[in-house]
Structure formats: C-alpha cells, structure tokens
Amino acid sequence: MKVLIVGSGGREHALAYACAKSPSADVVFVAPGNPGTKNGHKMQNVPIGVDDLDGLLNFAKKEGIDLTIVGPEAPLVAGIVDKFKEAGLKIFGPSKQAAQLEGSKSFAKDFLKRHHIPTAAFEVFSEVTPAVEYIKKMGAPIVVKADGLAAGKGVVVAMTEDEAIKAVHSMLEDNAFGDAGARVVIEEFMQGEEASFIVLCDSVRALPLASSQDHKRVYDHDMGPNTGGMGAYSPAPVVTDAVHQRVMDEIINPTLQGMREDGMPYTGFLYAGLMIDKEGAPRVVEFNCRMGDPETQPLLMRLQSDLVSLCSKACTEGGLEGETCWYDPRPAVGVVLAAHGYPGSVRKGDEIHGLDADFGDDVMVFQAGTKEQDGKVVTSGGRVLCVTALGDDISKAKARAYEAIKKINFDGMFFRSDIADKALNRQS
Ligand code: AMP
Ligand code: GLY
C-alpha cells in the first residue's frame, strides 16, 4: 500500500513511523514532512504544503495513494476530506462540517449543550458590553476563548475580572486573533487534572487509544504562557479504568451519536481534552479533530497494532467492529526541545548537533521544527524535537528520555525538566 501523511511536525513524524511499521505499507509519503521523515525507513517527503489541497489531491491521484492520514487541523477544517472523497480516494479524517468540533469553539460548546455532554457553563459573545457584564456577573477565575482556530494561543485563563475584560477587548476590538476572535466563548473555570483522550472513529464506533497527558505551559511546575505542548506521557494514571468507562459512556459515545443525529457523522481521530475532578467526573475542555502533538509521539511509540489497517478499516462506517488496540505495556515519555523565544517569536537557523547519536531501540527522536540547510539540520520552528522513550515504569521512561537529551544540543535549546512528574506524584 501507498500511504500519504499530511503535515510536517513531530506528530506527523510519529504517524509516519507507526505507518511504516505496518507490513502492508510499502511506502509512506509525507507532505511536506521534515528532515526526520526524509530519512525515515520507507518514508519519502513530497514538497507540497498542508494548505495546498489541490496539490495534495493531484499528487494522491497521480501516485495512486491507497490511504491518506491528515495530521493537522487546518486542512481538515478547510475540507480536505470532502475533496478526497469526492475524487474517490480513501482518507481518514472528519468532513469539513464535522471538523467544526475543533474549528469553532462556539459550535463545539453548542453541540455539547444540545446533547447534554458535560462541559463548563458558557456564553458566546460578539459585542464587548454584554461580554463584560457576563464576566462581572460570573466573577473570576473565568476563561475567555477566541471562537476560531488560533494555534492553541486563543485561550486566556483569567485569574481576575480585569484580565478577562482585557482579553475580551483584545479579541473583539483589537482583533488580536483576526477573524478567529470575532466571537468569544466565555466559560466557567474548571478545577481538576487534565488528560487527553484520543479515539479512532468510524462514525458509529470509537476505538480508544491509550490515555496520555500533555504539559501545556512553557516552564516547569506549569508556569508561564500556554504552548502547543512541551511534553507528554502515556498512559495517564488519572484515567483509571473507572474514569475511562465514564469518558466513553458520558462523552465519546454521546458525541458520536450526537454527530450522527445532527447529520454530520464523525470519522477520524477525535481528541477530547478533559478536565477530571476529584470524584473522577470528566468534563470536556475542548475537542480536536486530529491527534495531539506531542501526545502522538509517546502514544504511537507504544502502539503495537497496525495503524494503517485500523485507519483503513475506520474509513468505512462501522469498520472498527471487533477491533482492539494493542499497546506495549511499558509507559512512554516525550520531552519537547524548544527553540529560543518559544512560544513567542522564535529564532531559526540554529544548527542541531547529535541527531546521529546512537539512542538505542527504546528512544525515538521525532523531528518537528527542523529543516535542512547546506547539508545540516537546523531549527526552523518553536518546537524543534520531541525526544521520546519507553521504560519499564514512568520514572524509568522519564530517565531514559532525559538521558537521551544530553546527546543533543543547539543554541537556544530549552525544555521542561518535570515532564511526567504529575504521574509520578500520583503514584507516590
Ligand atoms: P483549550 O485550547 O480550549 O484546550 O484551552 C487551553 C488550555 O486552557 C487548556 O488545556 C486548559 O489548561 C485551560 N482551560 C481551557 N478551558 C478551561 C476551563 N474552562 N477551565 C480551566 N482551564 C481551562
Ligand atoms: N497537545 C495539544 C494539542 O495537540 O492540541
């Protein structure tokens, strides 16, 4: 089979790595990919950007691609799945309509409310005055979110009313997020521990992947601004068997059923960002219509099932019937190595040393913000690498990942040193 992965980050490197392990995959094209996917086993980069839907479609037709898997949200929200399906090509992901679960926060919140799926109380505003009145009525802490896609940066968790009001002004009046912030969702602040719960959907059935947990703040102890994610581990001990069952019964299955009832059946990866309270009750923080980055890296390092086969089957309604996911029982920990300035404006072009070191079988260095320049691999984005390791327990996986990091360096490189500590604290 010929597989095409759309995207160029660490998540896509991990997707390509998992697909390449499938005996049925002869070649895994990655568009546009990065130096990690250029040199990977069975992998081949194609210089087509994720926004060039026509270019991707023409390539898939010409090459006779058997299965396309889409990494990032932008092409999904732009309708890549509808386009490929119209052309009779197999592609794993939600339709443009269904991708609104991520593409519009107000769509997602209205959907959750309509189908009685647990989430924070909220209101949607496009005018400043009623938004400010609502903030004053509800009090702080309170959360202000730009409605549209804002690369994970359109959320302000405000500890004071002033901070929330400032966020409303900057989104609605100063257009801090352009059209994405023309409407805002203002919602109740939820207490608890976050976890990422990602499932494969065939529109009727959801096959849960292992649980995982991201680290969104840039510095240790969850300090500093939010990022796309500074590290992740799998499994997440906060998702006990009982919590897992509640998430399936109260969130995932009602979401699939609700999407069908609303006439937009959901196929593809569905990522529920959850807040789990002390009693183990899960509520939805957000939906993503794709895998998480960096959650994918530890998740897929553990996956032993054939990802190509699962995604192919899930493209058919009900195709996941009787399927299960097999995992390496060992936990995995992934630590993001970020570039100078991240998550603000980042410096690019720093040479990365140590990529050719011998890391051993239980370590993978997934590339993200990298590119080749004059025969060297240099930084080209905020999250540069995700060093991911398996270990007999979480503490060993963590130690393995940090040991591997010692072999890598570039000017301005920084990383969190406490990835997976939440899991370790919970165990002790
Ligand atoms: P989102 O992009 O909606 O996932 O929000 C980014 C981050 O903001 C989440 O991962 C949470 O850490 C935090 N957050 C979002 N909504 C809430 C909420 N209602 N209560 C508490 N924290 C939240
Ligand atoms: N790691 C969070 C996300 O992918 O949205």
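Residues numbered from 1 in each chain as written. Chains lettered and ligands numbered in written order. Predicted model: local features only at pLDDT ≥ 70, side-chain atom pairs only at ≥ 80, totals over all residues. Heavy atoms only, no water.

As for the overall build of the chain
Let me state the cut-off plainly: Each helix is a run of H or I in the DSSP string that is no shorter than four residues. Each strand is a run of E no shorter than two, and both are numbered from the N terminus. Radius of gyration means the value over C-alpha atoms here, while the globule rule gives 2.2 Å times the residue count to the 0.38 power. Burial here depends on accessible area, computed with a 1.4 Å probe over protein chains only, as a share of the maximum for the residue type. Under 20% is buried, over 50% is exposed, and the range in between is partly exposed. Residue contacts follow a heavy-atom distance rule, with two residues in contact if any of their heavy atoms lie within 4.5 Å. What sets the accessible areas is the Shrake-Rupley method with a 1.4 Å probe; for residues, cover comes only from the shown protein chains. Positive: Lys, Arg. Negative: Asp, Glu. His and the chain ends are not part of the count. Charge placement uses NZ in Lys and CZ in Arg. For Asp and Glu, CG and CD serve respectively.
Regarding its fold elements, the chain presents 14 helices and 22 strands. A globule of 428 residues ought to have a C-alpha radius of gyration of about 22 Å, and the chain, at 21 Å, matches this closely. By its C-alpha atoms, the chain is 55 × 45 × 45 Å across when sized along the principal axes. Within the chain, buried positions represent 57% of all 428 residues. For the chain, the proportion of contacts with a sequence separation of at least 24, taken over those separated by at least 6, is 69%. With an accessible surface of roughly 17,200 Å², the chain has 48% of that area assigned to carbon and sulfur atoms. The centroid of the 45 positive side-chain charges in the chain is displaced by 1 Å from the centroid of its 59 negative side-chain charges.

Points about the site of ligand 2
Note the cut-off: Residues are classed as near a molecule or strand on a simple rule: at least one heavy atom within 4 Å of it. Here a polar contact means two N or O atoms within 3.5 Å. Within protein one must be a hydrogen donor candidate and the other an acceptor candidate, and residues neighboring in sequence count only if both atoms are side-chain atoms. Residue polarity follows a fixed list, in which Ala, Val, Leu, Ile, Met, Phe, Trp, Tyr, Cys and Pro are nonpolar, Asp, Glu, Lys and Arg are charged, and the others, Gly among them, are polar.
Taken together, Asp-214, Lys-216, Gly-228, Tyr-271, Asn-288, Arg-290, Gly-292, Asp-293, Pro-294 and Glu-295 form the complete shell of residues around ligand 2. Between ligand 2 and the protein, one listed contact pairs an oxygen atom with a side-chain N or O atom of Asn-288 at 3.4 Å. Contact distances for ligand 2 include 2.9 Å between a nitrogen atom and a side-chain N or O atom of Glu-295. Taking 200 Å² as the accessible area of ligand 2 by itself, protein coverage stands at 91%. In terms of residue class, the shell around ligand 2 is built from two nonpolar, three polar and five charged.

A few points about the packing of aromatic side chains
The geometry of an aromatic ring pair comes down to the distance between the two centres and the angle between the two planes. Test applied: In this analysis, rings of Phe, Tyr and Trp, with Trp reduced to its six-membered ring, are considered paired at centre separations within 6.5 Å, and the interplanar angle assigns stacked below 30 degrees, edge-to-face beyond 60, and tilted for intermediate values. For a lysine, the NZ atom is tested; for an arginine, the CZ atom; a charge sits over a ring if that atom is within 6 Å of the ring centre and within 35 degrees of the ring normal.
For the structure shown, the criterion picks out five aromatic pairs. Between the aromatic rings of Tyr-17 and Phe-366, the centroid separation amounts to 5.5 Å while the plane-to-plane angle is 75°, which identifies the pairing as edge-to-face. In this pair, Tyr-17 sits in helix 1 (residues 10-20) while Phe-366 sits in strand 19 (residues 363-367), placing the two residues 349 residues apart along the sequence. The same class applies to Tyr-17 as to Phe-366, namely buried. Of note, Arg-290 hangs over the ring of Tyr-271, and the distance from its end group to the ring centre comes to 6.0 Å.

Some details on the layout of surface pockets
For clarity, the threshold we go by: The method works on a 1 Å grid over the protein atoms by themselves. A cavity is a set of points holding a 1.4 Å probe that cannot get out, a pocket is an open set with protein on both sides within 12 Å along at least five of seven lines, and residues with an atom within 4 Å of a point line them. Grid points are joined across faces, edges and corners, and a volume is the space filled by probe spheres set on the points.
Counted as a void, the second largest pocket has a volume near 450 Å³. Along its surface, the second largest pocket is lined by 19 residues, and His-13, Gly-36, Gly-40, Met-364 and Val-365 are the ones closest to its centre. Broken down by secondary-structure element, the contributors of at least two residues to the lining of the second largest pocket are helix 1, helix 2 (35-38) and strand 19. With four residues, the single largest contributor to the lining of the second largest pocket is strand 19. Considered class by class, the residues forming the lining of the second largest pocket number 10 nonpolar, seven polar and two charged.

Notes on empty space enclosed by the protein
Taken as a whole and judged by the stated rule, the model has one cavity of 30 Å³ or more. The wall of the largest cavity is formed by Leu-101, Glu-102, Lys-105, Ala-108, Lys-109, Lys-145, Val-185, Glu-187, Val-285, Glu-286 and Phe-287. Broken down by secondary-structure element, the contributors of at least two residues to the lining of the largest cavity are helix 6 (100-103), helix 7 (105-114), strand 9 (184-188) and strand 17 (282-288). Split into classes, the residues belonging to the lining of the largest cavity amount to five nonpolar, no polar and six charged.

With respect to helix 3 (residues 53-63)
When we look at burial in helix 3, the residues that qualify are Leu-53, Gly-55, Leu-56, Leu-57, Phe-59 and Ala-60. Of the surrounding secondary structure, the elements contacted by the buried residues of helix 3 are strand 1 (2-7), strand 2 (27-32), helix 4 (73-77) and helix 5 (80-86).

A closer look at the site of ligand 1
The environment of ligand 1 is formed by 15 residues, the closest being Glu-187, Glu-188, Met-190, Glu-194 and Glu-286. Here Lys-105 contributes a side-chain N or O atom positioned 3.2 Å from an oxygen atom of ligand 1. Within the contact set of ligand 1, an oxygen atom lies 2.4 Å away from a side-chain nitrogen or oxygen of Glu-194. Residues of the shell around ligand 1, tallied by class, amount to seven nonpolar, one polar and seven charged.

Overview of the state of the cysteines
Defined as follows: When two cysteine sulfur atoms lie within 2.5 Å, the pair is treated as a disulfide.
Counted by the stated rule, this structure contains zero disulfides. No disulfide involves Cys-289; its sulfur sits 11 Å from that of Cys-201, the nearest cysteine. With no disulfide of its own, Cys-325 lies 9.3 Å from the sulfur of Cys-311, the closest cysteine sulfur.

Side note on the environment of Leu-101
With respect to the secondary-structure elements, Leu-101 resides in helix 6. Judged by relative accessible area, Leu-101 falls into the buried class, the value being 2%. Distance from Leu-101 to Thr-255, taken between C-alpha atoms, is 10.0 Å for residues 154 residues apart in sequence. If near-sequence neighbours (up to four positions away) are discounted, Leu-101 is found in contact with Phe-107, Ala-108, Phe-111, Thr-255, Met-259, Tyr-266, Leu-270 and Phe-287.

Here we look at the packing of helix 8 (residues 128-138) against helix 9 (residues 161-173)
To keep it simple, the criterion reads: The angle between two axes is taken between their N-to-C directions and runs from 0 to 180 degrees, where each axis is a line fitted to C-alpha atoms and a helix contributes only its stretch in contact. Reported orientations rely on four angle classes, namely roughly parallel under 35 degrees, roughly antiparallel over 145, roughly perpendicular from 65 to 115, and oblique for the rest. Crossing handedness is read from the near helix: turned anticlockwise from the far helix by less than a right angle, it gives a left-handed crossing, and turned clockwise, a right-handed one.
Contact pair helix 8 / helix 9: the axes reach a minimum separation of 10 Å and the direction vectors enclose 160°. Regarding the angle of helix 8 to helix 9, the classification is roughly antiparallel. Handedness of the helix 8/helix 9 crossing: right-handed. Facing helix 8, whose interface residues are Val-128, Ala-131, Val-132, Ile-135 and Lys-136, helix 9 presents Glu-161, Ala-164, Ile-165, Val-168, His-169, Leu-172 and Glu-173. Looking at the contact of helix 8 with helix 9 residue by residue, the classes come out as eight nonpolar, one polar and three charged.

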